[in-house]
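Chain residues, written in single-letter form:
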Amino acid sequence: MFASLIPNCRACPLAATLAGRCPFTPMQLPATAVVCGQGEYHPTSYFVREGTVALCAVDADGSERSLALRGPRSLLCLESVQGESSPYEIRTVTPAKLCSMPAQALAGWIGPEHSPARVVLELLLGEIDQRQRDVVWRRGDSLSRVARFILAWGLRAPNGRPLQKQLVARMLGMRPETFSRCLKRLVTQGLIDRGGGLRVIDAQGLAAVASSEAA
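Let me sum up the structure you'll find in this document. The structure presented is a predicted model; accordingly, all values stated were derived computationally and were not measured. Within each chain, residues carry numbers counting from 1 in the order of the written sequence. Restriction of local features to residues with pLDDT of at least 70 applies here, the model being predicted, together with a cutoff of 80 or more for giving and counting side-chain atom pairs; totals for whole chains, interfaces and linings are based on all residues. Side-chain figures throughout are based on the complete set of non-hydrogen atoms in the structure, without hydrogens or water.

A short note on the packing of aromatic side chains
Item 1. Here a Phe, Tyr or Trp ring, Trp counted by its six-membered ring, pairs with any other such ring whose centre lies within 6.5 Å, and the pair is stacked when the planes are under 30 degrees apart, edge-to-face when over 60, and tilted otherwise. This model, assessed by the stated rule, comprises two aromatic pairs.
Item 2. Summarising the aromatic geometry, the rings of F24 and W109 are spaced 5.6 Å apart at their centres and angled 90° between planes, so their arrangement reads as edge-to-face. Taken as a pair, F24 in the segment before β1 (25–29) and W109 in helix α1 (residues 103–110) lie far apart in primary sequence, 85 residues in all.
Item 3. Its relative accessible area of 6% is what places F24 among the buried residues.
Item 4. A centroid spacing of 6.1 Å and a plane angle of 5° characterise the contact between F149 and W153, whose relative ring orientation is stacked. Here F149 pairs with W153, and both are found in helix α3 (residues 142–153), just four residues apart, close to one helical turn. Secondary structure is summarised from DSSP: a helix means a run of H or I of at least four residues, a strand means a run of E of at least two, and numbering begins at the N terminus for each. Partly exposed describes any residue whose relative accessible area lies between the buried limit of under 20% and the exposed limit of over 50%, with all areas from a 1.4 Å probe on protein chains only and scaled to the type maximum.

Here we look at the sheet that holds strand β6 (residues 75–76)
Item 1. Whether two strands pair comes down to DSSP finding at least two bridges between them. In spatial order, the strands read β1-β8-β3-β6; together these four strands make up an open sheet with antiparallel pairing. Where the open sheet ends on each side, the last strands, each with one partner, are β1 and β6.
Item 2. Sheet analysis places β1 next to strand β8 (residues 96–102), joined by five bridges and oriented antiparallel. Among the inter-strand pairings, L29 is bridged to a residue of β8, identified as A96.
Item 3. In this description, contact between two residues means that some pair of their heavy atoms is separated by no more than 4.5 Å. To define axes, lines are fitted to C-alpha atoms, for helices over the stretch in contact only, and angles between the resulting N-to-C directions are given on a 0 to 180 degree scale. Across the sheet, α1 touches β3 (44–50) and β8, and the angle it forms with β8 is around 75°.

So, in structure tokens, the structure goes:
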């Protein structure tokens, strides 16, 4: 389930990139220690040397949205490099050894702005963020999924071309017929207009439907 342990600093994957003293600071945390709170900006990034940590995200009503475990060789709080808050609460499950580095120092260590390494990191962080958002499409009942998708995308791809109904339905985890019925319901409720494409008439009402988490 997890990557192999790191017996010493020489075996650390970061060691091959270092010349001289390691810029990371080792720290020991007990089990159940909070590393970072959900929705908080944490100015430090971490590398897991030993132990297990849990990444948990909850919705506004307190229900658990996702839970994941990470072990040695994992990087935590990388979003701090871009000045963004953590989408998770990060807490140790077992006693853990972490190596920390201020996020801005880490950004400089990775490479200057516009350097290949820095650009690739930013693209990877963007992809990770988008994959987290992809999970949202299948949450809630069918109507809330469709409303949420329309608010984010409309029914067009980034190049402006219409998205195929079958493709959108697959993304939302429903049959094309169900997707069509949901569109008709939103039209009937006066939230969208399908004439000549798709137009949002009542964004606030559509957002209320989108935020519904009915099973």
